[in-house]
Protein chains: 6
Amino acid sequence: MPLVTVTRRLTFNAAHRVHNPALSDEENTRLFGKCNNPNWHGHNYVLEVSLTGEPDPITGYVIDLGEVKRIVESEFVSQVDHRNLNLEVPFLQGTNPTSENIILACWRLLEPALRPGRLSRLRLWETENNYVEYDGR
Amino acid sequence: MPLVTVTRRLTFNAAHRVHNPALSDEENTRLFGKCNNPNWHGHNYVLEVSLTGEPDPITGYVIDLGEVKRIVESEFVSQVDHRNLNLEVPFLQGTNPTSENIILACWRLLEPALRPGRLSRLRLWETENNYVEYDGR
Amino acid sequence: MPLVTVTRRLTFNAAHRVHNPALSDEENTRLFGKCNNPNWHGHNYVLEVSLTGEPDPITGYVIDLGEVKRIVESEFVSQVDHRNLNLEVPFLQGTNPTSENIILACWRLLEPALRPGRLSRLRLWETENNYVEYDGR
Amino acid sequence: MPLVTVTRRLTFNAAHRVHNPALSDEENTRLFGKCNNPNWHGHNYVLEVSLTGEPDPITGYVIDLGEVKRIVESEFVSQVDHRNLNLEVPFLQGTNPTSENIILACWRLLEPALRPGRLSRLRLWETENNYVEYDGR
Amino acid sequence: MPLVTVTRRLTFNAAHRVHNPALSDEENTRLFGKCNNPNWHGHNYVLEVSLTGEPDPITGYVIDLGEVKRIVESEFVSQVDHRNLNLEVPFLQGTNPTSENIILACWRLLEPALRPGRLSRLRLWETENNYVEYDGR
Amino acid sequence: MPLVTVTRRLTFNAAHRVHNPALSDEENTRLFGKCNNPNWHGHNYVLEVSLTGEPDPITGYVIDLGEVKRIVESEFVSQVDHRNLNLEVPFLQGTNPTSENIILACWRLLEPALRPGRLSRLRLWETENNYVEYDGR
């Protein structure tokens, strides 16, 4: 049976600073430069959520992408959109909100919530020039 | 010898409805909502066709992408562009034209027609927010 | 007082055929070719709605673009999204649904509905290579 | 002599909240909703800077766009990139940083600094769905 | 009668150098830097061709955009695509091929050739960050 | 420990011709058509550089993408931007500069230079419709 991958793209806007609270301010400045600005900066993030599975013989869908949108908005986007990623997001508490750490936290939230099919890839664009990907490995 | 993947992007415009003719109208409405509209809707589809192979030592090409364009237009795009995917496309007859089913039918047409290199991935965008991928597995 | 133009982008998917019901089938075929396919084709339309006005001294907005989105969805997008533009759209009845005619009908619907500021430009993309604009003149 | 318009596109990332300090918190919440979040949110802004003039007969340029880039970065982008638009930007002090107010402040900075040609249009994208324009009137 | 503007987007790839043959090599280097490289560089140009007119009451078109494509390819694109703009293009002979000079030459070729409607705007993208516009004034 | 892939996008503009110097002019013309124009053509190339690794527990980065940008510009982009790929680029000497051959040469330069993480994928867009990928195999 063939395995097809389906992807839904979603967006959110958030403030953050790249900051490791376990380090001194001097060390944070040295490592992260302008991205460490204590007054924050922000991004229009773009998230691509991919699931892989066999198309259902009745619906022809791996999963209804409208359903993917509803689950991702409910489980993830609603917690980060128009928020401060350092201060307000429970599942990022104590985490340095780099794109790498955001995508790993996003995977942990979404992987158990998305069925049928299985979550096979997340891609997160921080700017038009930078993105990160994770496939569960 | 290194394996390079080359991709050509093509577009087509088509009408369809998401509809399983084996189900009742009520069941189709319940499953597919506005996408089941009996009067159709449509999309600007974007297809990305990828082949993988060793670059030819004479040409430096895995395959001439102009040739890929000609083959994909002749074998696939000419049958779906400005068409109704439920009514007019021989290789989709009796199929519910979800993106998943379109990409699988596209693979069956293109895989034997594209040489040298081998077809290694298809990506089909239905909207700017939704796409599907298939790699032959 | 300065005049600023604000724009909101929205999308919809629809089926249509380019067809003038006052002409014979032969004449329609001759004029419109594959765009006249009696079984329809379709597009992912992109609409950009622009209003011009003085920013309100209290809000700093010409108009809240969330409000623009709600009005355009209620007055226009809800009537065309996932619809057949020749058969199902009251304000296009008897009209050949070219992009030119769609944008003029859209203007007549939206111009009285959008306040404060005044509707100053509509842009409608039919494909990634074709768009039309109207500014009320 | 013909008048040509030349445009340079630049980007910056910033945090802000839509907030009028002359209003109560309740009024700000009512008017601006999630955009008023006291913990900020942010955007990848895209700025398009257009100048109009006669191409110089020696250079064939209205103005060297590399020079436009240098001036806009020095006069404007360096003050807003990776900054908080409510707290850190001298020319926005006391201003509600809506896109409308940002673009008017940007015009006041850039109009006297850009020569030859004259600044004829600014376009500022806040998200992929929202942008504002100003032409000096 | 309403005036609608319709636009067709086309692409071409060309080599050029920014070079004024009336100046010394030193002066060219000083003015144009790396863009003056005697061994050339090149671009994927994007051209947007806009015509304004009243939609024809029979066709609903200002002009058939397929016809615009055919005329622009025949009159302009065929002379610049995969060419060297300094060496091989008759209508640019002796001209420094800046985007400004290319767009003015393009206007002179296309303005008399495009009917019905009248050519109202050309936009030429040299890179994703730079474009020029001309409207005949 | 999870493996995340991070990507930085960069651009460069270059002239080239598709030409195998070991073949006759007639054979080159037959194989490569307009892409073999002896007067060159050119492209706005887009390069995506991906590295895979475990996010560093101190920085939260696989690698600082600003560092990736600096290395790729220093090692690769500075040698090809605004250059002629057939004439001026030491690491392409004697090579037919197809996208396949450019990406393989780029890999050989970047793979040893990019640390921490390891180079896991290059993607090179030659036009908006054509791209190639290489992952080291």
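Since the model is a prediction, treat every value here as computed from it, not as a measurement.

### Overview of the arrangement of the chains
Then comes step 1: Regarding chain A and chain C, which are not in contact, the minimum distance between any of their C-alpha atoms is 14 Å.
Then comes step 2: No interface is formed between chain C and chain F, the nearest pair of C-alpha atoms being 12 Å apart.

### Notes on the interface of chain B and chain A
Then comes step 1: Across the contact, 19 residues belong to chain B and 22 residues belong to chain A.
Then comes step 2: Buried surface at the junction of chain B and chain A, both sides included, amounts to about 1600 Å², of which 49% is carbon and sulfur.
Then comes step 3: At the junction of chain B and chain A, the tally comes to one salt bridge.
Then comes step 4: The residue B:E133 makes a salt bridge to A:R121 at a minimum N-O spacing of 2.8 Å.
Then comes step 5: The interface formed by chain B and chain A includes twelve residue pairs in polar contact (both at pLDDT 80 or more).
Then comes step 6: For the side of chain B that touches chain A, the element with the most residues is strand β5 (residues 130–134) of chain B, which contributes five residues.
Then comes step 7: Considering only residue class, the side of chain B that touches chain A consists of nine nonpolar, six polar and four charged.
Then comes step 8: Bridge count between strand β1 (residues 4–16) of chain A and β5(B): five bridges; the pairing is antiparallel. In the strand pairing of β5(B), A:T7 is matched with B:Y131.

### Comments concerning the environment of F:G42
Then comes step 1: Turning to its location among the elements, F:G42 is positioned in strand β2 (residues 41–53).
Then comes step 2: For F:G42, a relative accessible area of 0% corresponds to the buried category.
Then comes step 3: For the pair F:G42 and F:S78, spaced 36 residues apart in sequence, the C-alpha separation works out to 17 Å.
Then comes step 4: For F:G42, the residues in contact, after removing those within four places along its chain, are E:N13, E:A14, E:A15, E:G42, E:H43, E:N44, F:A14, F:A15 and F:H16.

### Focus on the interface of chain A and chain D
Then comes step 1: Counting residues at the interface gives 23 residues for chain A, matched by 23 residues for chain D.
Then comes step 2: At the boundary of chain A with chain D, total buried surface from both sides reaches about 1800 Å², with 44% on carbon and sulfur atoms.
Then comes step 3: Considering only the surface of chain A that becomes buried against chain D, A:N39, A:N44 and A:H82 emerge as the three largest contributors, covering 32% of it.
Then comes step 4: Scanning the region where chain A abuts chain D turns up four salt bridges.
Then comes step 5: Taking the shortest distance from any N to any O, the salt bridge between D:D81 and A:K34 comes out at 3.1 Å.
Then comes step 6: Where chain A touches chain D, the interface holds 19 residue pairs in polar contact (both at pLDDT 80 or more).
Then comes step 7: The set of elements that each furnish at least two residues to the side of chain A that touches chain D consists of β1, β2 (41–53), β3 (83–84) and β4 (118–127) of chain A.
Then comes step 8: Tallied by class, the residues present in the side of chain A that touches chain D amount to five nonpolar, eleven polar and seven charged.

### Some details on the packing of aromatic side chains
The geometry of two aromatic rings is summed up by the distance between their centres and the angle between their planes.
Then comes step 1: One pass over the full model with this rule turns up 36 aromatic pairs over all chains.
Then comes step 2: When the ring of C:Y61 is compared with that of D:F32, the centres are 5.6 Å apart and the planes differ by 85°; the resulting orientation is edge-to-face. You can see C:Y61 sitting in the loop between β2 (41–53) and α2 (65–80) and its partner D:F32 sitting in helix α1 (residues 25–32), one on each of two chains. Each member of the pair, C:Y61 together with D:F32, is buried.
Then comes step 3: When the centroid spacing of 5.7 Å and the interplanar angle of 35° are considered together, the rings of D:F76 and D:F91 count as tilted. Of this pair, D:F76 sits in helix α2 (residues 65–80) while D:F91 sits in the loop between β3 (83–84) and α3 (99–110), and the two are 15 residues apart along the sequence.

### Thoughts on the relation of the copies chain A and chain D
Then comes step 1: For these two chains of identical sequence, chain A goes onto chain D by a turn of 180° and a shift of 0.0 Å along the axis, with RMSD 0.0 Å. The two molecules are tied by a two-fold rotation axis, judged by turn and shift.
Then comes step 2: The share of interface residues of chain A whose copies in chain D are also at the interface is 100%, consistent with both copies meeting through the same surface.

### Re the packing of α2(C) against helix α3 (residues 99–110) of chain C
Residues and elements named next belong to chain C.
Then comes step 1: Where α2 meets α3, the closest approach of the two axes is 10 Å, and the angle between their N-to-C directions is 150°. Here α2 lies roughly antiparallel to α3, going by the angle between them. Seen from above, α2 lies across α3 with right-handed handedness. Residues V72, E75, F76 and Q79 of α2 pack against I102, C106, L109 and L110 of α3.

### A few points about the pattern of salt bridges
Then comes step 1: What the rule picks out here adds up to 60 salt bridges over all chains.
Then comes step 2: Close ionic contact of A:R9 with D:E128 constitutes a salt bridge, the shortest N to O distance being 2.6 Å. You can see A:R9 sitting in strand β1 and its partner D:E128 sitting in the loop between β4 (118–127) and β5 (130–134), one on each of two chains.
Then comes step 3: Residue D:E128 is classed as partly exposed on the basis of its relative accessible area, which comes to 35%.
Then comes step 4: A single network of salt bridges, built from pairs that share partners, joins A:E48, A:R123, A:E133 and F:R121.

### Describing the relation of the copies chain B and chain A
What relates the two chain copies is a rotation about an axis together with a slide along it.
Then comes step 1: Between the two copies, chain B and chain A, the superposition gives an RMSD of 0.0 Å; the rotation angle is 120° and the shift along the axis is 0.0 Å. Accordingly, the operation relating the two chain copies is best matched by a three-fold axis.

### Some details on helix α3 (residues 99–110) of chain E
Then comes step 1: For α3(E), spanning twelve residues, the distance from its first C-alpha to its last is 16 Å, which sits close to the expected 16 Å at 1.5 Å a residue.
Then comes step 2: Counted residue by residue, α3(E) has ten buried out of twelve residues, so it is predominantly covered.
Then comes step 3: Those residues of α3(E) that sit buried are E:S99, E:E100, E:N101, E:I102, E:I103, E:L104, E:A105, E:C106, E:W107 and E:L110.
Then comes step 4: Summarising the contacts, the buried residues of α3(E) are in contact with β1 (4–16) of chain D together with β2 (41–53), α2 (65–80), β4 (118–127) and β5 (130–134) of chain E.

### Points about the side chain of D:N86
All names here are of chain D.
Then comes step 1: Within the element layout of this structure, N86 appears in the loop between β3 and α3.
Then comes step 2: Look at N86 and you get buried, because its relative accessible area is 17%.
Then comes step 3: Separated by 3.0 Å, the side chain of N86 and the backbone nitrogen of R17 make a polar contact.
Then comes step 4: Not counting residues within four places of it along the chain, the set of residues in contact with N86 comprises H16, R17, H19, W40, Q93 and P97.

### Observations concerning the pairing of strand β5 (residues 130–134) of chain A
The two faces of a sheet get side chains in turn, since along a regular strand they alternate between them.
Residues and elements named next belong to chain A.
Then comes step 1: Most of β5 sits inside the fold, with five of its five residues counted as buried.
Then comes step 2: Residues N130, V132 and Y134 point to one face of β5 and Y131 and E133 to the other, with burial holding for every one of them.
Then comes step 3: Taken together, the five bridges between β4 and β5 define a ladder with antiparallel strand orientation. Of the residues in β5, the one forming a bridge with W125 is Y131.
Then comes step 4: Counting the residues between successive antiparallel strands, the hairpin from β4 to β5 contains two residues.

Rules used throughout
- Residues numbered from 1 in each chain as written.
- Chains lettered and ligands numbered in written order.
- Predicted model: local features only at pLDDT ≥ 70, side-chain atom pairs only at ≥ 80, totals over all residues.
- Heavy atoms only, no water.
- Contact = heavy atoms within 4.5 Å.
- Buried area = accessible area lost by both parts, 1.4 Å probe.
- Salt bridge = Lys/Arg side-chain N within 4 Å of Asp/Glu carboxyl O.
- Polar contact = N/O pair within 3.5 Å; in protein donor to acceptor, adjacent residues only side chain to side chain.
- Helix = DSSP H or I, 4+ residues; strand = E, 2+ residues; numbered from the N terminus.
- Nonpolar A, V, L, I, M, F, W, Y, C, P; charged D, E, K, R; others polar.
- Pairing = 2+ DSSP bridges.
- Buried < 20%, exposed > 50% of the residue type's maximum accessible area, 1.4 Å probe, protein only.
- Phe/Tyr/Trp six-rings, centres within 6.5 Å; stacked < 30°, edge-to-face > 60°.
- Least-squares fit on C-alpha atoms with pLDDT ≥ 70 in both.
- Axes fitted to C-alpha atoms, helices over the stretch in contact; angles between N-to-C directions.
- Parallel < 35°, antiparallel > 145°, perpendicular 65-115°, else oblique.
- Left-handed = near helix turned anticlockwise from the far one by under 90°.
- Expected span 1.5 Å × (residues − 1).

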